[in-house]
Amino acid sequence: MREASERLATAESTASEHQRRAARDPKAYHSAIYPPGSEYGLCYAESQLMSAVVAVLNESLTESIKGFYKLRKAYATLNEISEAEKRYARSKSSTSVSSIPRQSIDSQRSTGSQRQMPGGFGVDAPRPQTPDGYSSRKAKLAAANMPSDEADGDDDDDFDFVDADEGLSGMPTPSHYLGHLDTGAESAMKGLSLGPSTQSNSASRTNLPDMAMQNDELDTVDFTHPIDEFIHSGTSLCFGILQLMLSLIPPAFSKLLYIIGFKGDRDAGIAMLWRATRYHNINGAMAGLVTLGYYNGMIGFCDILAADSYPKERCKILLGEMREKYPKSRLWLLEEARMRAGDGRLEDAVSMMQGAEKSPLKQVEALQWFENSLNCMYLHRFEDCAKSFLKCVELNNWSHSLYYYIAGACYVELYRLHKRNSPDKAKRYAVRAQELLFTVPQHAGKKRFMARQLPFDVFVTRKISKWQHRASEWGISFIDAIGVSPIEEMIYFWNGYKRMRAEQLEDSLARLAWSESAENTTWAREGLDEQSVLWVLKAATLRNLKRTREAKTILRTRIINHEWPEFKGHLKDNWCLPVAHYEMAVNLWIECGGEAGSSEQLMECSEWLEKVAKWESYEMDARIGLKITTARDSLRKCGVTAP
């Protein structure tokens, strides 16, 4: 981490120095659109964004706060470049609308794209017949009866600037993650001012400049010069990422916006990323990765989605273009596997990852193995899943405790499957499960986010402590003290049920049924929280089988009819009650036909969501919060505002 910080600091200072020199050098490239040295200004902003990511992942809260300050500085640089584009476009429009050639980006670039641009992949890199693929993409979208600019040019009226109060009071940092940032960090954030204004947040609230220009206005700008193209595509990429990521901050972390100074606009961010994907340079490739990662990862993780939340055909066309441009890149193969998994073709996704050539980049290989591990988990291929996650331990040092936990949970399932008919084999599985699960606490807490333990690290450590306590109290073995299927619990938190077909969902119901079967001799001793784990998972599985009436009955009669204090206490699974409320909202969304529902039905769905959004801190609240953020956005598009 320190080495990365030092190299990024060098990149920042070097880019800043080159920008200063270019501004004074008459021989430097002078664009008709941008101020001199803007290409270095873009590099400066990019290095600041990467520095911000590294700082936030640092174990020090102070360094994390500095990281968010870097986001503010990067925004200022990018905004200056964006404003130059708008000034140029408006000057062209005011000169003579009739004299502006209404050419597409493709025809403009056809005469100048032979020059190698900064950030390109070399003159020998394969290029499609249309330089940026935009015309071919429009043709494919037209054939699919889809508008080519369905995500472009959105307004960002909701994009507000927030100046926080000044003054930073020292507060102690908790030793582990507590969900909501209300234990010191939040107070510090409330009092931190990073902007030039000295007014308080309540006294000052202005709109951010429009960062997503209308398509017709941008299309009047000639980006045929490779440096101009590099600057424009890079600005679209960085602004798009910035807006998208900030828009995804869950309610539990909303106070982070006090530090950053503004909130994101998801539609505007996606529009800018789509625009950046048109260019055949490193910015276009990165924009493609982020865009596909967002749809296949983030959106694929969520349940309440507007109809236009996932433009599947457009994503398939983008993926096809990128695989054609970069046929040897493993990253696009990874995205295709994710897309297949999202379509319920889990076996195909596993085959793709297992048949792929080994990547020369260890980080990419780690991503491939992680994706394969998740898909094997959804398919209930327990031995393959365990081996894959143990391979992740060798390739990735991010969350070894999670990898060991899931691997151990796989062997727990194998133990239960063979306990009756193959006791000797079951015993071997039990020994392996215990060995892996006892390894978990040794690795928990080594990686931190904003000076706190990662949520999954806290979760798995508590689970093991709970099982150890039960084993001692009940006088049974550790492996028999494990409660409701821990692997099904992990499947839920990764939203694997959404990727399963009916037969795999039935397998999940069978694994969950073990808890109430005669083979489980401890079910009668289970408390409300452990039983609620079963009911939540069963309800979620039934929901994905479209059996929403059964799912709602379970939620209402088994969990929601209990009070919150009953779920609170040492080692308890307190996440079940708020998550049950979230599940009610999802069931209502499905039953009313999503956006086709009446205003009363959608409002009821929103009311259940808001109960969860306003819930006090609970385990895994940040993970559920991401789903809530997306669900709120979908309901907002339906004209439903939070009650």
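Counting starts from 1 at the beginning of each chain's written sequence and moves along it residue by residue. Local features in this predicted model are restricted to residues whose pLDDT is 70 or higher, and side-chain atom pairs enter the listing and the counts only when it is 80 or higher, whereas totals over whole chains, interfaces and linings include all residues. Side-chain measures were taken over the full set of non-hydrogen atoms in the model, leaving aside hydrogen atoms and water.

Caption draft 1: Structural detail: unusual backbone geometry. Located in the positive-phi region is histidine 380, a residue other than glycine, with phi close to 60°. As for its placement among the helices and strands, histidine 380 is situated in the loop between helix 15 (362-378) and helix 16 (382-395). Here histidine 380 falls in the buried class, since its relative accessible area comes to 12%. Phi at methionine 620 takes a positive value of approximately 65°, unusual for a residue other than glycine. Numbering goes from the N terminus for both helices and strands, where a helix is a DSSP run of H or I of at least four residues and a strand is a run of E of at least two. Along the chain, the position of methionine 620 falls in the loop between helix 25 (599-613) and helix 26 (621-637). Relative accessibility under 20% of the residue-type maximum defines a buried residue, over 50% an exposed one, and the middle range a partly exposed one, all with a 1.4 Å probe and only protein chains included.

Caption draft 2: Inspection of the pattern of salt bridges at higher detail. For this analysis, a salt bridge means a side-chain nitrogen from Lys or Arg found within 4 Å of a carboxyl oxygen belonging to Asp or Glu. According to the stated counting rule, one finds 37 salt bridges in the structure shown. For lysine 86, the salt bridge identified is with glutamate 83, shortest N-O distance 2.8 Å. One end of the pair, lysine 86, and the other, glutamate 83, are both in helix 3 (residues 61-95), three residues apart, so they sit about a helical turn from each other. Accessibility expressed as a relative area gives 21% for glutamate 83, which makes it partly exposed. Across the pair glutamate 435 and arginine 432 runs a salt bridge whose closest N-O atoms are separated by 2.2 Å. Within this pair, glutamate 435 and its partner arginine 432 are both found in helix 18 (residues 423-443), separated by three residues, close to a single helical turn. Using a relative accessible area of 26% as the deciding quantity, one classes arginine 432 as partly exposed. Each of Arg462, Lys463, Lys466, Glu489, Asp529, Glu530, Asp573 and Glu619 takes part in one network of salt bridges that share partners.

Caption draft 3: Fine view of the environment of serine 91. Checked against the element boundaries, serine 91 lands in helix 3. A distance of 2.7 Å separates a polar atom in the side chain of serine 91 from the backbone oxygen of tyrosine 88. Here a polar contact means two N or O atoms within 3.5 Å. Within protein one must be a hydrogen donor candidate and the other an acceptor candidate, and residues neighboring in sequence count only if both atoms are side-chain atoms.

Caption draft 4: Geometry of the nonpolar core. For the purposes of this section, nonpolar cores are sets of buried Ala, Val, Leu, Ile, Met, Phe, Trp, Tyr and Cys residues that join through side-chain atoms within 4.5 Å. Counting residues in each nonpolar core, the largest one holds 105 residues, and the members touching the most others are Met377, Tyr405, Ile406, Met490, Trp494, Tyr497 and Trp575. If one sorts the elements of this core by residue count, helix 17 (residues 400-418) sits on top with twelve residues. Residues count as neighbours in contact if any of their non-hydrogen atoms are within 4.5 Å of one another. Leave out the neighbours within four places in its chain, and isoleucine 406 touches Met377, Cys385, Phe389, Ile487, Met490 and Trp494. Counting residues in hydrophobic clusters, the runner-up holds 26 residues, among them Leu273, Ala285, Tyr295 and Phe301.

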